[in-house]
Amino acid sequence: MEERIVDVLKTVYDPEIPVNIYDLGMIYKIDVQEDYNVEVDMTFTAPNCPAADFILEDVRTKLESVEGVRSANVNLVFEPAWDQSMMSEEAKVELGFD
């Protein structure tokens, strides 16, 4: 199930960045509980992200669309602070950081 969750998270984008939130390193924790509720800790590249509400709702909706997931709770966290080192190699190449 976690693989399907990661796959769906890779379909969520910040409208201003052409890389998905998973490869950007914005997902800090995925916890699939015994009752198939999913807890996700995530952050933004900047605390004042103008698309925050849209992205959080997109994540929650897409997580709840995964077969077997009963509900999804998305926690917005800012510790540790996001930085470019959290991006996947693919994201760094796509954004010209590598």
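See the structure shown above.
The following refers to the structure shown. (Residues numbered from 1 in each chain as written. Predicted model: local features only at pLDDT ≥ 70, side-chain atom pairs only at ≥ 80, totals over all residues. Heavy atoms only, no water.)

### Looking at the nonpolar core
Inside soluble globular proteins, nonpolar side chains tend to come together where they are buried. The biggest cluster of nonpolar side chains holds 29 residues, and the ones touching the most others in it are I5, I21, I30, M42, I55, V59 and L63. Mapped by element, the contributors of at least two residues to this core are α1 (2–9), β1 (27–32), β2 (37–42), α2 (52–64) and β3 (71–76). Apart from the residues lying within four places of it in its own chain, the contact partners of L63 are I5, V8, L9, V40, V69, A72 and V74. (Core = buried A, V, L, I, M, F, W, Y, C linked by side-chain atoms within 4.5 Å. Buried < 20%, exposed > 50% of the residue type's maximum accessible area, 1.4 Å probe, protein only. Helix = DSSP H or I, 4+ residues; strand = E, 2+ residues; numbered from the N terminus. Contact = heavy atoms within 4.5 Å.)

### Looking at the pairing of β1
Here 5 bridges tie β1 to β2, and the two strands are oriented antiparallel to one another. Bridge pairing in β2 links K29 to D41. As consecutive antiparallel partners, β1 and β2 are separated by 4 residues, and within that stretch Y36 has a phi angle of approximately 65°, a positive value. (Pairing = 2+ DSSP bridges.)

### A short note on the environment of D98
Within the fold, D98 resides in the segment after α3 (89–94). In this structure the C-alpha to C-alpha distance between D98 and F44, which are 54 residues apart in sequence, comes to 21 Å. With residues near it in sequence (within four places) discarded, D98 still touches E89, K92 and V93.

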